[in-house]
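# Notes for the structure review
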Amino acid sequence: MKNIPTSLVTLACLGFSAAAQAEGATEIVETVVETVQQAATPAAPTPDKGDTAWMIVATVLVTLMVIPGLALFYGGMVRAKNMLSVLMQVFVIFSLMAVLWAVYGYSIAFTEGGVFFGSLDKAFLAGVTPDSTAATFSKGVVIPELIYVAFQLTFACITPALIVGAFAERMKFSAVLLFMVLWFTFSYLPIAHMVWYWAGPDAYTDAAAGEKATATAGFLFQKGALDFAGGTVVHINAGIAGLVGCLLVGKRIGYKKESMAPHSVPMTMIGASLLWVGWFGFNAGSNLEATGTAALAFVNTMLATAAATLAWSAVEWIARGKPSMLGGASGAVAGLVAITPACGFIGPMGSIVLGLAAGAVCFWSVTTLKNALGYDDSLDVFGVHGVGGIIGALGTGIFASPALGGAGVYDYVANAVAEYDMVSQVISQCWGVGVTIVWSGVVSLIAYKIVDLLVGLRVSEETEREGLDIREHGETAYHP
C-alpha cells in the first residue's frame, strides 16, 4: 500500500512526458511543412550589388555626356557671341527634362498601357521605392528601380538637348524651352515606349506566356526592332526634329556670306572627348548588368568611334586636302551615334565596319547633301545624329547576324539564341527607322507651329546680330 502514491506519481510523469513529446512532434511536423512550402515558393530576386554599382556609375557617365560634354561640344562650334546661349540651353533643358521625367515621363514610357503610350500609374514616381525593382535582360536578375529611373532620365535629358544644335544662334530661349516640353511629351516618350517597353524576361515562361507578354509591349518592340541604346529613340528622333526646326526657323543672317566658323575648336574637342568617355555609360550601361554583354558594348563603342574618326579624317583629307580637328571630333560623334543601337548585338569587327561607314557617309551628309538641299543645320544635328542613327539602326540588322560575328537575338522562351533571319531583321529595323522619322517629323512640325503662334520662334534681327548671350541672357562668355 505504501508504494501506491509513488506509482501514481510515476504514471503522471510518464503522461506529461508523452504529451510533451506529442506536442514537440507536432511542432516539428509544422516546421517541416513550412520549410517545404517556402522551398516550393521561389524567393523574389534581389539586386546584385555589383550590377547596382555599375548602373550608378553608368548614370553618372551619361550625365557627363550632357553637362558638360554636349554643352562644350556645341558651344565651341558657335560664334563667341552665342557661346553662353548654347551652354544655357543645354543646361536648362537637362534640368527641365529631369523634372518632367519624374512627374510623368517615366510612367508614360515604362509602364504597361497601349502600344504607343504607357499609363500614368507611376506618375510622380508613385510606388517607386528603395525596395522596388526593375527587370534586366536576364531571367531572375533585377536592379533597383530607382537607379533604372535615374539612368533612363539621362537619356530623356540628352535627346532634346541634341536638337538645339540645329537652330543654334537664332531661336528664342523661351521658344526652345516650350518646344522641348511639347516634343518630349509627344515624341520622345512614345518612341521610347514603342521601342523599349516590354514585360521583362521572366514573363517568357513558355510560348503562350511569351505571346501574351509581347502583346503588352510597345509597337516597335512587337515589330522586332532592335535598339540597344537609342539609335531610334535618341538619335533619329532628335535628328529629324532638328531638321524640321532649322527649316522652319530659317537660315542664320549672313549664312554663306559671312564667316560662321567655330570660335573655339579646342572647346569642341574637349566636349567630343567627354562625349566619348560618357558614351561608355550610355551604351554599356544599357545592358543593365555588369556582364559579358556590357563588355561587348564597351569594346564596340571604342572601336566604332575610333574607326569613324579615321574614316571622316581620311575622306576629308582626300576631298579638301587637309584633315581638320573639327572633322575628327565630328567623326568620333558620328561613330558613337552609329554604334549606339548595335553595340550589344554585333561583334567587334562589325563595329569597325559600321564606324567606317558612319564616318564616311556622315561627312558626305554634312557637306554634299547639306549644300545640295541648302538648309542651315548650324551644328549638323541631322547630318550626324539623324543620318548616323539611320546607318546604325539598319546596320544592326545586318551585323547582328552570328554568321558575321554578331550575338544574334535571344529567345527567352527557348532560353537560347534564336535562328537568325537577316532579311526579316532588316525589315524590322526599317520599321523602327520609318516610324521614328514620320512620328518625330509630324510631332516636331506641329510643336514648332504651336510655339511660333504662342511666343514666336526666332529672335529679332538686332538680337541675332549682337548675339544671344547679351540680348537673351545679359552676359558674355569672354571679356576683352
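Scroll up to find the structure this text is about.
Residues numbered from 1 in each chain as written. Predicted model: local features only at pLDDT ≥ 70, side-chain atom pairs only at ≥ 80, totals over all residues. Heavy atoms only, no water.

### What to know about the overall build of the protein
When helices and strands are tallied, the protein shows 16 helices and four strands. Dimensions of the protein, computed from the C-alpha atoms along their principal axes, are close to 130 × 55 × 40 Å. Residue pairs in contact within the protein that sit at least 24 positions apart in sequence constitute 77% of those at least 6 positions apart. Accessible surface for the protein amounts to roughly 20,300 Å². Of this, 69% is attributable to carbon and sulfur atoms. Taking the average location of the 21 positive side-chain charges in the protein and that of its 32 negative ones, the two points are 14 Å from each other. (Helix = DSSP H or I, 4+ residues; strand = E, 2+ residues; numbered from the N terminus. Contact = heavy atoms within 4.5 Å. Areas by Shrake-Rupley, 256 points an atom, 1.4 Å probe, with all protein chains shown as cover. Lys, Arg positive; Asp, Glu negative; His and termini not counted. Charge placed at Lys NZ, Arg CZ, Asp CG, Glu CD.)

### Regarding the environment of Met-88
Relative to the assigned elements, Met-88 resides in helix α3 (residues 83–110). Under the relative-accessibility criterion, Met-88 is labelled partly exposed at 33%. Considered as a pair, Met-88 and Lys-251 are 163 residues apart in the sequence and their alpha carbons are 21 Å apart. Those residues in contact with Met-88 that lie beyond four places of it in its chain are Phe-173 and His-473. (Buried < 20%, exposed > 50% of the residue type's maximum accessible area, 1.4 Å probe, protein only.)

### Re the side chain of Ser-378
Residue position: Ser-378 is located in the loop between α12 (348–373) and α13 (381–399). For Ser-378, the side chain forms a polar contact with the side chain of Arg-170, separated by 2.6 Å. Sequence-distant contacts of Ser-378, defined by excluding residues within four places in its chain, comprise Gly-165, Ala-166, Phe-167, Ala-168, Arg-170, Arg-252 and Lys-370. (Polar contact = N/O pair within 3.5 Å; in protein donor to acceptor, adjacent residues only side chain to side chain.)

### Thoughts on the packing of aromatic side chains
Under the counting rule described, the total for this entry stands at 28 aromatic pairs. Taking 5.4 Å as the distance between ring centres and 35 degrees as the angle between the ring planes, the aromatic pair formed by Phe-116 and Phe-219 counts as tilted. Here the residue Phe-116 occupies a position in the loop between α3 and β1 (133–135), and Phe-219 occupies one in helix α7 (residues 219–222), the gap between them amounting to 103 residues. Look at Phe-219 and you get partly exposed, because its relative accessible area is 21%. With 5.6 Å between their ring centres and 25 degrees between their planes, Phe-116 and Trp-439 make a pair best called stacked. One end of the pair, Phe-116, is in the loop between α3 and β1; the other, Trp-439, is in helix α14 (residues 422–454), and 323 residues separate them in sequence. Judged by relative accessible area, which is 33%, Phe-116 ranks as partly exposed. Three or more aromatic residues link up through ring pairs in this structure, and these residues are Phe-137, Trp-198, Tyr-204, Phe-221, Tyr-410 and Tyr-412. The ring of Trp-431 is capped by Lys-223, whose NZ or CZ atom sits 4.2 Å from the centre of that ring. (Phe/Tyr/Trp six-rings, centres within 6.5 Å; stacked < 30°, edge-to-face > 60°. Lys NZ or Arg CZ within 6 Å of the ring centre and 35° of its normal.)

### Some thoughts on helix α9 (residues 265–284)
The first and last C-alpha atoms of α9 sit 28 Å apart over 20 residues, in line with the 28 Å expected at 1.5 Å per residue. Buried within α9 we find Thr-268, Gly-271, Ala-272, Leu-275, Gly-278, Trp-279, Phe-280, Gly-281, Phe-282, Asn-283 and Ala-284. Those residues of α9 that are buried lie in contact with α2 (49–77), α4 (145–163), α8 (231–249), α10 (292–320) and α11 (325–339). (Expected span 1.5 Å × (residues − 1).)

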